[in-house]
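This is what each chain is made of:
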Amino acid sequence: SSAAGRLFIEGVLKEFTDKFNFIVIYGQDNRLKSFLDRNKNLSVKYFPYYSDIWELMDISSFIVTKPGGLTVFECLYTRKPMIFTHFIWGQEKVNMEAAIKLGAGAYVPYYKNLLKAVDTLKNSSAFSRLNFDDSNTMSVLKSIIQDNG
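As the structure is a computational prediction, the values presented were derived from the model and not from experiment.

So, how was this worked out
- Sequence order as written defines the numbering, with residues in each chain counted from 1.
- Local features in this predicted model are restricted to residues of pLDDT 70 or higher, and side-chain atom pairs are both shown and tallied only at a pLDDT of 80 or more, whereas totals for entire chains, interfaces and linings draw on every residue.
- Derived side-chain values reflect all non-hydrogen atoms in the structure, with water molecules and hydrogen atoms excluded from consideration.
- A simple rule labels every residue: compare its accessible area, found with a 1.4 Å probe on the protein chains alone, to the largest value its type can have, and call it buried under 20%, exposed over 50%, or partly exposed in between.
- In DSSP terms, a helix is any run of H or I states spanning at least four residues, a strand is any run of E spanning at least two, and both are numbered starting from the N terminus.
- One requirement defines pairing of two strands: DSSP has to find at least two bridges between them.
- Here the term right-handed applies to a crossover when the path leading from its first strand over the helix to its second strand runs clockwise, the strands being oriented away from the viewer.
- The salt bridge criterion pairs a side-chain nitrogen of Lys or Arg with a carboxyl oxygen of Asp or Glu, the two atoms within 4 Å.
- As used here, the arc is the angular range of directions from the helix axis to the C-beta atoms.
- Any two residues whose heavy atoms approach within 4.5 Å at even a single point are treated as in contact.
- For the purposes of these results, a polar contact is taken to be a pair of N or O atoms within 3.5 Å, where, inside protein, one atom must be able to donate a hydrogen and its partner to accept one; residues adjacent in sequence count only when each atom of the pair is a side-chain atom.

## What to know about the pairing of strand β2 (residues 44-47)
Here is step 1: The alternating pattern of β2 places Val44 and Tyr46 on a buried face, while none of Lys45 and Phe47, on the opposite face, is buried.
Here is step 2: Sheet analysis places strand β1 (residues 22-25) next to β2, joined by four bridges and oriented parallel. Looking across to β2, one finds that isoleucine 23 is bridged to lysine 45.
Here is step 3: Considered for its hand, the β-α-β crossover made up of β1, helix α2 (residues 30-38) and β2 is right-handed.

As structure tokens, this is what we get:
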């Protein structure tokens, strides 16, 4: 996790553990792990790595992430709203803009705005328009990408 991502997570966990349960994949971010170790809470489960990430996505209501291409596609495929905390200019910005335009994501750089984003996304009809068994899905995704390209 980058410094921006870590600060977002730390702020969210300090503010919202009474409202949500969290699963944090901290990777090699030892500072985030130290924070999690110091601030143990029953609402927070954390791992350095999780091999069956689909299991975690399946039980999640929202995915707080940066807009990497694979993550965005996985969230669209599993119909999980995305909350983007930060992005890298270039492709990640395009990915984020496409997900936001679709109504499947929100850019929330400051953790205090999390509840507003959750309320907006939980009422989104974006996922009802995506049917991955439907041949129209690829044309919908292509049109979103072309509009941002």
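From this point, things continue past the structure.
## A closer look at the pattern of salt bridges
Side chains carrying opposite charge are able to pair once their charged atoms draw close together.
Here is step 1: What the rule picks out here adds up to six salt bridges.
Here is step 2: For glutamate 15, the salt bridge identified is with lysine 112, shortest N-O distance 3.3 Å. Here lysine 112 lies in the loop between β5 (105-107) and α6 (114-122) and glutamate 15 lies in helix α1 (residues 3-16), a separation of 97 residues in the sequence.
Here is step 3: By relative accessible area, which is 42% here, lysine 112 ends up partly exposed.

## Thoughts on α2
Here is step 1: Among the residues of α2, Leu32, Phe35 and Leu36 are the ones counted as buried. Buried residues in α2, looked at end-on, bunch into an arc of 95°, giving them a common side. Turned more than 90 degrees away from the buried face of α2 sit Asn30, Arg31 and Arg38, all of them exposed.
Here is step 2: Looking at the buried positions of α2, the neighbouring elements they touch are α1, β1 and β2.
Here is step 3: You can read the cap of α2 off the contacts: a side-chain oxygen lies 3.2 Å from the backbone nitrogen of arginine 31, and it is on aspartate 29.

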